[in-house]
Amino acid sequence: MRIDDIVNIADAELVNKGFLTDVLAFSDNLKKIKRGSLFISNDKKEIKEAIKKGAYAILFSDNLEVIDNEIAWIKVENINETLLKLLKYKLLNKTLYITDEVTIKIIKAINKDKNLVVLDKIEVNYLNDDYIFITSLDRIKNISANKKEISNFLNIEFDETSIFISKFLFQNKKYTINFPAVYKDKLQKSLSFFEELDLNYQLKNIELNRFIPQFINSDFEKVKFGKTQKVVIQGIKKDKYFMNELNFIFEKLKYANVKFFDKTNIKTFFKEQFDFAVLIDCEVELKEKEKSNSQKQLF
């Protein structure tokens, strides 16, 4: 990439022009830098080492002294914002796939394809290779004019005997994974994305950090998954997914004793009787189950 183009895209100051016109790659890692790279850093020792390794340009934001007049020195106000601008340029002729926050977590969890990048942060390496990009972040969505919302074209039949475990048949193979059935449409959408672009993935247990089951005993002690009929559902938030989660609970647990807790009544948690406790925008400290005497004697 031409150094003059980098300066213009980043709205940067070319402190020293040097004798070279192009860079071959971007790097902020000394271990990965190669001859012809643009090195991004404010660390004087790292910059000195990068020059020894053949850096053609230095991009920085601090007040640094030019120690090599033969290469380009590019000063920017903010390195992170500059990376965003350079990524925007890279995306001019590429499709940026976009989706919601839950689906992106599923995609990230099952992805096994080195060509797919989930843009939840911007890394310098993303400026180099020809990746497929997907994001749920608005600040990244807004930098691309070539956005495509991923959609579901699969019709997978789920065995909904458990609200916390998803059982289904897909491509003539039976799967059983720890995954809340309330988000089965998000899982189908994720699989559709991988299938449409012929990307590698591996179906496995997926942690979403919401709708999390913690099984407990009558003493409010944590026990292993499925060992009791008493469950605390954690990670519920009053956001855009809340009503869907709430309707799912009402539908699937209509014959169970369900209690809802938020910050206004969480203090009564240990006094209540329930089959399912739903914690909304709040947490409760649950005890670990004490070992029996026979277990203690083993140690």
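Look up: the structure comes first, before these words.
What you see is a predicted model, and the numbers here were worked out from it, not measured in a lab.

A.B. asks: Explain helix α2 (residues 44-52) here, please?
C.D. replies: Note: α-helices contain 3.6 residues per turn, so residues at a spacing of three or four share the same orientation. Every buried residue of α2 is accounted for by Ile47, Ala50 and Ile51. Buried residues of α2, seen end-on, are gathered within an arc of 100 degrees and therefore sit on one face of the element. Turned more than 90 degrees away from the buried face of α2, the exposed residues are Lys45, Lys48 and Lys52. Where α2 is buried, its residues touch β3 (37-40), β4 (57-60) and β5 (72-75). For α2, the N-terminal capping position is held by Asp43, with its side-chain oxygen 3.0 Å away from the main-chain nitrogen of Lys45. Positive backbone phi, at 105 degrees, marks Gly54, one or two positions downstream of α2.

A.B. asks: What is the right way to look at the sheet that holds strand β9 (residues 147-149) in this model?
C.D. replies: One key point about sheets: their strands pair by backbone hydrogen bonds, in either a parallel or an antiparallel sense. As summarised here, the arrangement of the four strands in space is β7-β8-β6-β9, forming an open sheet in which the pairing is parallel. Edge strands, defined here as strands with exactly one partner in the open sheet, are β7 (116-118) and β9. The mean angle between the axes of side-by-side strands here comes to 30 degrees, regardless of whether they run parallel or antiparallel.

A.B. asks: Could you clarify how one ought to interpret unusual backbone geometry in this entry?
C.D. replies: Of note in this structure, Asp11 is not a glycine but carries a positive phi near 50 degrees. One can find Asp11 in the loop between α1 (3-10) and β1 (13-16). Asp11 sits in the exposed class, given a relative accessible area of 66%. With a phi angle near 65 degrees, Asn172 is a residue other than glycine that sits in the positive phi range. The residue Asn172 is located in the loop between β11 (165-170) and β12 (173-178) in this model. Residue Asn172 is classed as exposed on the basis of its relative accessible area, which comes to 77%.

Quick notes on the rules
Residue numbers restart at each chain and count upward from 1, following the sequence in its written direction. A pLDDT threshold of at least 70 governs which residues receive local features in this predicted model, and a stricter bar of 80 or more applies before side-chain atom pairs are shown or counted, although totals over entire chains, interfaces and linings include all residues. Hydrogens are left out, water is left out, and the side-chain values use all remaining heavy atoms of the structure. Think of it in three bands: residues with accessible area under 20% of the maximum for their type are buried, residues over 50% are exposed, and the middle band is partly exposed, with areas taken using a 1.4 Å probe on protein chains only. Labels follow the DSSP assignment, with helices taken as runs of H or I lasting at least four residues and strands as runs of E lasting at least two, numbered in each case from the N terminus. By definition, the arc is the one covered by directions from the helix axis to the C-beta atoms. Whether two residues are in contact is decided by their heavy atoms, any of which lying within 4.5 Å being enough. Side-chain atoms alone can form a polar contact between residues adjacent in sequence; in general such a contact is a pair of N or O atoms within 3.5 Å, and within protein one must be able to donate a hydrogen while the other accepts it. By definition, two strands form a pair when at least two bridges between them are found by DSSP. Fitting a line to C-alpha atoms yields each axis, with helices limited to the stretch in contact; the angle taken between N-to-C directions then spans 0 to 180 degrees.

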